Amino acid sequence: MIGSFAGRGIAEWQKVAEMYAAAGVDAMELNFCCPFIPEGLEKDEANAFIGIYFTQHPDKGAEVIRKLKETVNIPLFPKLGPDGTHFVEMVRVFKEAGADGVSLFANDRHLRIDIETGKPVNYGPCAGTSSHLKGATMKWVSEIAQGLGLPILGGRGVNHYEDVIEYLMAGASGVEMCAAAIVHGLKHVKVLLKGVETFMERKGYKSIDEIQGRALKQIYSSRQMMEDVKSLYAEVDLKKCIGCRRCPEVCAYEAIEILPKKVRAIKEKCSGCSLCSQVCPVAAIEMKERENDLDHFRALAWEHKELMPELFKK
Ligand SMILES: Cc1cc2nc3c(=O)[nH]c(=O)nc-3n(C[C@H](O)[C@H](O)[C@H](O)COP(=O)(O)O)c2cc1C
Ligand code: SF4
Ligand code: SF4
């Protein structure tokens, strides 16, 4: 059982934490995420510091964590709102203050427009279900799992058992669900658990440990993307190519040469965007790793190489 709460002022944080501890919870989720500050509160300095304020001001969140660590001896999971820029660094601050894990994300005021009426849809603090925000949340789950290795409760857009598996594979230790449980009722938790069980049987997984973080080895953090990931180029397997000419249509770099009944990818011009391999109906195009990144930059500049003679010197 995890107790989830917010406090207004440190005394209230401590008081509620003590009440939860007395009630016997196994962990506490600290609401650093609520995007809804009731009118009037923000005028009152002491009470203004609630919810999303602590995601936006991690040093203040760290103060709350340190105080609660002195107050109770129960694992603490700050719950973040998606209102920051670099969550790995933010969570590092919370971890150093004593957080035992982290929970991400809550909803924020995301915006959609009804194009028939021109009016915003669901533009409020809870803003309905958040399936379309799952990918953005999972990206940070994976980066925090890789960068800090502490337990993560992942959630936003959990509707089906597949969502649970995805969050686990992205590195979450547990998964949260809110809107779908409200819409379908608490019985929906059982539906998801059954789905997870059936999936595990079908795939031969013996434990959640085998699933958790499974995708991480193949997910590159933003920094790794810059430093470690090799550039790609397309290569056409002439034995497989049926000459449908779909790939030259999608190549914005004119890197596909049309041959009689076949095509050929021109390595020197290929940007590695992979679009051709995605549209090929017979999987005749393989994306291969380049030996060096310089060739990639040369390919990007190919059209205007006279402007960058330095780049093309051997
Ligand atoms: C009606 C509603 C009420 C919510 N109330 C809270 C709340 O009191 N505390 C909290 O931390 N998050 C609250 N949330 C956010 C959810 O816990 C959850 O983080 C968010 O909805 C994303 O998950 P979901 O896609 O499973 O709904 C609320 C969400 C909804 C839709
Ligand atoms: S990977 Fe992109 S740039 Fe290269 S050939 Fe295919 S479509 Fe063209
Ligand atoms: S899309 Fe595939 S089959 Fe069609 S021309 Fe390109 S490589 Fe050949």
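Residues numbered from 1 in each chain as written. Chains lettered and ligands numbered in written order. Predicted model: local features only at pLDDT ≥ 70, side-chain atom pairs only at ≥ 80, totals over all residues. Heavy atoms only, no water.

**Structural notes on the site of ligand 1**
For ligand 1, the set of nearby residues contains 14 residues, the closest of which are Lys79, Ser130, Gly157, Cys178 and Ala179. Here ligand 1, which alone exposes 610 Å², has 70% of that area covered by the protein. Residue classes in the shell around ligand 1 are distributed as eight nonpolar, four polar and two charged. (Near = heavy atom within 4 Å. Areas by Shrake-Rupley, 256 points an atom, 1.4 Å probe, with all protein chains shown as cover. Nonpolar A, V, L, I, M, F, W, Y, C, P; charged D, E, K, R; others polar.)

**A short note on empty space enclosed by the protein**
Applying the stated criterion across every chain, the model contains two cavities of 30 Å³ or more. Space inside the largest cavity adds up to approximately 100 Å³. Class assignment for the residues of the lining of the largest cavity results in 11 nonpolar, three polar and one charged. Of the residues assigned to the lining of the second largest cavity, the class counts are 11 nonpolar, one polar and two charged. (1 Å grid on protein atoms, 1.4 Å probe; cavity = no way out; pocket = protein on both sides within 12 Å on 5 of 7 lines; lining within 4 Å. Points joined across faces, edges and corners; volume = space filled by probe spheres on them.)

**What to know about the layout of surface pockets**
For the second largest pocket, the calculated volume is near 310 Å³. Surrounding the second largest pocket, 14 residues form its lining, Val164, Val175, Val189, Leu192 and Leu193 being those nearest its centre. Taken together, the elements giving at least two residues each to the lining of the second largest pocket come down to α7 (161-169), β8 (174-175) and α9 (187-203). Sort the elements by how many residues they give to the lining of the second largest pocket and α9 lands first, with four residues. The residue makeup of the lining of the second largest pocket, split by class, is 12 nonpolar, one polar and one charged. (Helix = DSSP H or I, 4+ residues; strand = E, 2+ residues; numbered from the N terminus.)

**Structural notes on helix α5 (residues 87-97)**
Those residues of α5 that sit buried are Phe87, Val88, Met90, Val91, Phe94 and Ala97. Buried residues along α5 sit against β2 (27-32), α3 (53-56), α4 (58-71), β3 (76-80), β4 (102-104) and α6 (134-148). The positive-phi residue at the C-terminal boundary of α5 is glycine 98, with phi of around 120 degrees. (Buried < 20%, exposed > 50% of the residue type's maximum accessible area, 1.4 Å probe, protein only. Contact = heavy atoms within 4.5 Å.)

**Some words on the domain arrangement of the chain**
Taken as a whole, the chain is organised into domain 1 (2-216) and domain 2 (230-312). For domain 1 and domain 2, the distance between their C-alpha centroids amounts to 42 Å. (Domains from an automatic or database assignment.)

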